Amino acid sequence: MFEVEDPATLDTIALVSDGGAAEARSAVDAAAAALAEWSATPARVRSEVLRRAFELMVADIENLAGIIAWENGKSLADARAEVTYAAEFFRWFAEETVRTDGEYGAAPAGGARTIVTHRPVGVAALVTPWNFPAAMATRKIGPALAAGCTVVLKPARETPLTALAVVRLLQEAGVPDGVVNLVPTTSSAVVVTTWLEDPRVRKISFTGSTAVGRTLLKQAADRVVNASMELGGNAPFVVTEDADVSAAVAGAMVAKFRNGGQACTAANRFYVHADVAEEFVARFGAAVEALRVRPPFADDCEVGPLVGAKAVADVRGLVAEAVASGARVAHQGSVPDVGHFYAPTVLTDVTPDAAILREEIFGPVAPVVVWRTEADLLTWVNGTPYGLAAYVYAGDLGRGLRLGEAIEAGMVGVNRGVVSDPSAPFGGVKESGLGREGARAGLREFQETQYLSVDWS
Ligand code: NAD
């Protein structure tokens, strides 16, 4: 058994079974045994199971949001938004399940006809992080089940209770035994290695840090396991001199402080044109100082605690280093005495090569850099191994789109502070990942292409 901590009170809120190699293997036994029947289940039937899961999840929003807020620490409002977003993956993939399209062609040389189909890849191992414990699970389970795969799921050590609640709901929705198998654990490497070494596992879908993703890709290489990787980000937030500053501040508040900054898509670095920098920092700073940082269940909570003590220490370290190299704490909010809180902060005078601009902050800190030329801007923005999300606020939409295309990122919000959308292909370039989740592309990650070459002449 292991303890799950409430990051706001530091109390233990539950004891959860601690899986090891034996549990990991029996999860694969169950998934492998259920595969043939589930993949042969008519698409309409699988679709309706996912649709029921969507409906049950929406109906249970208060309970699920409470569990997320309790173990993760995000505000109840953010937790409710996560449940809505998470449920949408069940609805979207319920709709995609029945679009069983393929291709048909005739060989140019004559004779053969080619029939192309998409088949389930097989038993899929899903590994999820703590920052969106419901949505990162449904974004994988939805397309896996839509494709006809069965799954083994390892949630983050910090947030197993949300995953348990989602799996129970899937059972209630009619998912047969063995199709979705959950292994909570404190021994992540043991469980996931067991899966990657098992020849019955044909897919790894991982969301988490680039460091762990790299390790899993190396392990997956041994058996050439099909891999999808949603990894870390370092999103730039660009404001041009002709941008609507009020809209940019509103977008910045969402892009930075949703989930207390603990999002892979969180704006990590702010590049503001010199002509509007003073106005932007003043307005943004005022909004940041007014943020209500509270325990997640407080009525007026806008930002909750970070997930744990290490998260706070990491953010503190990055800010101390930036300040030591010349950055200034221009604006800072306040926080409760108890709990893993960090005060929302705006840093100015940050030099373009500061460590806080290179590493994922994963907390409520906004470093602001002033830019004057587009050449400098693009050098700084693209000078990172990451390429997940980016944001551009520009008055001239054409300019916003041109800058968006010039930024090396899988997703760019133009005059928007949120990019996530179940119908859009979520994912990164460079070291931010491989593959896409959501949209049609998310289903393809759990399918393999086969063609039949047929001669009926
Ligand atoms: P993490 O990489 O530490 O953990 C992610 C998952 O991997 C957890 O379930 C963890 O228990 C497991 N894990 C850790 N070490 C492992 C190992 N050696 N072998 C197998 N599994 C292991 O990341 P985190 O701290 O939970 O999450 C934050 C990170 O996730 C950030 O970098 C963030 O950007 C990223 N993230 C990315 C996306 C995306 O879609 N690209 C979404 C959310 C979070």
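Residues numbered from 1 in each chain as written. Predicted model: local features only at pLDDT ≥ 70, side-chain atom pairs only at ≥ 80, totals over all residues. Heavy atoms only, no water.

*Asks:* How should the overall build of the protein chain be read in this particular structure?
*Replies:* Check the secondary structure of the protein chain and you find 15 helices and 18 strands. For 457 residues, the compact-globule estimate of 2.2 N^0.38 gives 23 Å, and the protein chain sits close to it at 23 Å. Counting only C-alpha atoms, the protein chain reaches 70 × 60 × 40 Å along its principal axes. Buried positions account for 55% of the 457 residues belonging to the protein chain. Intrachain contacts of the protein chain at a sequence separation of at least 6 include 72% that bridge at least 24 residues. In the structure as shown, the protein chain presents an accessible area of about 18,100 Å², 53% of it carried by carbon and sulfur atoms. (Helix = DSSP H or I, 4+ residues; strand = E, 2+ residues; numbered from the N terminus. Rg over C-alpha atoms; globule rule 2.2 N^0.38 Å. Buried < 20%, exposed > 50% of the residue type's maximum accessible area, 1.4 Å probe, protein only. Contact = heavy atoms within 4.5 Å. Areas by Shrake-Rupley, 256 points an atom, 1.4 Å probe, with all protein chains shown as cover.)

*Asks:* How should the domain arrangement of the protein chain be read in this particular structure?
*Replies:* The parts lose accessible area when they come together, and the size of an interface is often stated as this lost area. Examined at the domain level, the protein chain breaks down into domain 1 (2–231 + 432–455) and domain 2 (235–421). Taking only C-alpha atoms, the centre of domain 1 and the centre of domain 2 are 30 Å apart. Interface of domain 1 and domain 2: buried area, both sides summed, is about 2,000 Å²; carbon and sulfur atoms make up 60% of it. Of all residues in domain 1, Ala 8, Trp 130 and Ser 432 give up the largest surface area on contact with domain 2, accounting jointly for 25% of the area buried on that side. The interface formed by domain 1 and domain 2 contains 0 salt bridges. Inspection of the domain 1/domain 2 interface yields 9 residue pairs in polar contact (both at pLDDT 80 or more). Put simply, the parts of the chain that give the side of domain 1 that touches domain 2 at least two residues each are helix H3 (61–72) and helix H4 (76–97). Broken down by element, the side of domain 1 that touches domain 2 gets its largest block of residues, 4 residues, from H3. Considering only residue class, the side of domain 1 that touches domain 2 consists of 10 nonpolar, 7 polar and 6 charged. (Domains from an automatic or database assignment. Buried area = accessible area lost by both parts, 1.4 Å probe. Salt bridge = Lys/Arg side-chain N within 4 Å of Asp/Glu carboxyl O. Polar contact = N/O pair within 3.5 Å; in protein donor to acceptor, adjacent residues only side chain to side chain. Nonpolar A, V, L, I, M, F, W, Y, C, P; charged D, E, K, R; others polar.)

*Asks:* Honestly, the sheet that holds strand E8 (residues 201–207) in this entry has me stumped. Any pointers?
*Replies:* To summarise the sheet geometry, strands pair through backbone hydrogen bonds and adopt either a parallel or an antiparallel arrangement. Judged by pairing direction, the sheet is mixed, and its 6 strands sit side by side in the order E7-E6-E5-E8-E9-E17 without closing on themselves. Among the strands making up the open sheet, the edge pair consists of strand E7 (180–182) and strand E17 (433–434). Where strand E5 (residues 123–127) and strand E6 (residues 151–154) come together, 4 bridges link them in parallel fashion. If you follow Ala 124 over to E6, its bridge partner there is Val 151. Here helix H5 (residues 135–147) sits on the sheet and contacts E5, E6, E7, E8 and strand E9 (226–230); the angle it forms with E8, its principal contact strand, is near 150°. (Pairing = 2+ DSSP bridges. Axes fitted to C-alpha atoms, helices over the stretch in contact; angles between N-to-C directions.)

*Asks:* Quick question: what am I supposed to make of the environment of Val 245 here?
*Replies:* Secondary-structure assignment places Val 245 in helix H9 (residues 245–257). Val 245 sits 38 residues away from Arg 283 along the chain, and the two C-alpha atoms are 8.5 Å apart. Among residues more than four places away in sequence, those in contact with Val 245 are Val 276, Glu 279, Phe 280 and Arg 283.

*Asks:* Just to check I follow, could you spell out the pairing of strand E15 (residues 389–393) for this structure?
*Replies:* Two faces make up the sheet, and in a regular strand the side chains alternate between them. Counting buried residues along E15, 5 of its 5 residues qualify, which places the element largely inside the surrounding structure. Residues Ala 389, Tyr 391 and Tyr 393 of E15 are buried on one face, and the alternating residues Ala 390 and Val 392, pointing to the opposite face, are buried as well. Relative to E15, strand E10 (residues 235–239) runs parallel, the two sharing 3 bridges. Bridge pairing in E15 links Phe 237 to Tyr 391.

*Asks:* Got a minute to help me understand the site of the ligand in this structure?
*Replies:* Around the ligand, 28 residues are found, and the nearest of them are Thr 128, Arg 139, Ser 209, Leu 231 and Glu 360. Interatomic distance of 2.9 Å between a side-chain N/O atom of Lys 154 and an oxygen atom of the ligand. At 3.3 Å from an oxygen atom of the ligand is found a main-chain nitrogen or oxygen belonging to Gly 208. Out of a free accessible area of 840 Å², the ligand has 85% covered by protein chains. Contributions of two or more residues to the shell around the ligand are made by H5, helix H7 (188–197), E8 and helix H8 (210–222). Looking at the shell around the ligand, the element that brings in the most residues is H7, giving 3 residues. In the shell around the ligand, the residues fall into 16 nonpolar, 8 polar and 4 charged. When residues of the shell around the ligand are sorted by domain, at least three fall in each of domain 1 (2–231 + 432–455) and domain 2 (235–421). (Near = heavy atom within 4 Å.)

*Asks:* Please explain the sheet that holds strand E16 (residues 411–414) as it appears in this structure.
*Replies:* Within the open sheet, the 7 strands sit side by side as E12-E13-E14-E11-E10-E15-E16. Their pairing is mixed. Two strands in the sheet have a free side with no partner beyond their single neighbour: strand E12 (328–332) and E16. Between one strand axis and the next, the sheet turns by 25° as a mean value, whatever way the strands run. Bridge count for strand E11 (residues 267–273) against strand E14 (residues 365–371) is 4 bridges, and the pairing is parallel.

*Asks:* Looking at this structure, how should I read the side chain of Arg 139?
*Replies:* Considering the arrangement of structural elements, one finds Arg 139 in helix H5. Here Arg 139 is in contact with Tyr 85, Phe 89, Thr 207, Glu 230, Phe 426, Glu 437 and Gly 438, once residues within four sequence places are set aside.

*Asks:* Even after reading the chapter, I still don't get the nonpolar core, so can you show me in this structure?
*Replies:* A general feature of soluble globular proteins is that nonpolar side chains tend to end up buried together. If you look at the biggest cluster of nonpolar residues, it comprises 94 residues, and the most contacted ones within it are Met 57, Phe 90, Ile 141, Leu 145, Phe 270, Phe 280 and Phe 284. Here this core takes 10 residues from H4, the largest share from any one element. Counting residues domain by domain, this core receives three or more from each of domain 1 (2–231 + 432–455) and domain 2 (235–421). With sequence-adjacent residues up to four places away left out, Phe 284 is seen in contact with Val 249, Ala 252, Met 253, Phe 257, Phe 270, Val 346 and Ala 366. Listed in part, the 31 residues of the second largest apolar core include Val 238, Ala 327, Val 350 and Ala 390. (Core = buried A, V, L, I, M, F, W, Y, C linked by side-chain atoms within 4.5 Å.)

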